Amino acid sequence: MITLDVQSILSSIGNEVRWQDIVQFEKLDARVAIANDLCANIIGVNEDYIEWCPNDDPPNSLETLIWWWVVRPDLGAAIAIEAPQELKEIIGNYILQN
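Everything numeric in this text was worked out from a predicted model, so none of it was measured.

**Some words on the side chain of Arg31**
Checked against the element boundaries, Arg31 lands in helix α2 (residues 28-38). Other than its neighbours up to four places away in sequence, Arg31 contacts Ile22, Val23, Gln24, Trp69, Val70, Pro73 and Tyr94.

**Quick notes on helix α3 (residues 61-71)**
Burial analysis of α3 places nine of its 11 residues in the buried class, the great majority of the element. What α3 keeps buried is the set Glu63, Thr64, Leu65, Ile66, Trp67, Trp68, Trp69, Val70 and Val71. Its side-chain oxygen at 3.0 Å from the backbone nitrogen of Leu62, Asn60 defines the N-terminal cap of α3.

**Regarding the pattern of salt bridges**
Per the stated rule, a full pass over the model turns up two salt bridges. A salt bridge links Asp21 to Arg18, with the shortest nitrogen-to-oxygen separation between them at 2.7 Å. Its salt-bridge partner being Asp74, residue Arg72 comes within 2.6 Å of it at the nearest N-O pair.

**So, the packing of α2 against α3**
Across the interface, α2 lies against α3 with an axial gap of 9 Å and an inter-helix angle of 170 degrees. One way to sum up the angle between α2 and α3 is to call them roughly antiparallel. Across the interface between the two elements, Leu28, Arg31, Val32, Ile34, Ala35 and Leu38 from α2 touch Ile66, Trp69 and Val70 from α3. Residue composition of the contact of α2 with α3, by class: eight nonpolar, no polar and one charged.

**What to know about unusual backbone geometry**
Cis peptide bonds are those with omega within 30 degrees of zero, and the linkage from Asp57 to Pro58 qualifies with 0 degrees. Relative to the helices and strands, Pro58 resides in the loop between β3 (49-52) and α3. Positive phi outside glycine occurs at Gln24, with the angle close to 55 degrees. Examined against the element boundaries, Gln24 turns out to sit in the loop between β1 (16-18) and α2. Looking at Gln24, the relative accessible area reads 27%, which means it is partly exposed. The phi dihedral of Asn41 is positive, around 55 degrees, even though this residue is not glycine. Relative to the helices and strands, Asn41 resides in the loop between α2 and β2 (43-45).

Each value, and the rule that gives it
- Residues numbered from 1 in each chain as written.
- Predicted model: local features only at pLDDT ≥ 70, side-chain atom pairs only at ≥ 80, totals over all residues.
- Heavy atoms only, no water.
- Helix = DSSP H or I, 4+ residues; strand = E, 2+ residues; numbered from the N terminus.
- Contact = heavy atoms within 4.5 Å.
- Buried < 20%, exposed > 50% of the residue type's maximum accessible area, 1.4 Å probe, protein only.
- Polar contact = N/O pair within 3.5 Å; in protein donor to acceptor, adjacent residues only side chain to side chain.
- Salt bridge = Lys/Arg side-chain N within 4 Å of Asp/Glu carboxyl O.
- Axes fitted to C-alpha atoms, helices over the stretch in contact; angles between N-to-C directions.
- Parallel < 35°, antiparallel > 145°, perpendicular 65-115°, else oblique.
- Nonpolar A, V, L, I, M, F, W, Y, C, P; charged D, E, K, R; others polar.

Below, the structure written as structure tokens:
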């Protein structure tokens with residue numbers, strides 16, 4: 001279960017996030033590619049920001065967890081607790097490589 005502090009941080013992430021607010025920005029391209037591979041076209045890349053474009057309305061749990069991980073990979077371990085196995089493995093591999 002995600003702790004209350006981490007949940008409040010993640011819940012505060014809007015549908016658009018400016019470049020300067022993205023954690024580990026230098027590895028963003030890799031995370032966006034992974035996210036869009038798991039859920040087609042879920043992340044839009046714009047000039048100054050990225051945009052969350054969930055396919056479901058309301059967004060399903062996987063879409064939400066992917067978005068949070070793309071923006072806050074530093075919280076990957078907490079996000080992985082709630083994630084389905086495939087995303088859990090992706091996050092685990094990402095953590096091990098960084």
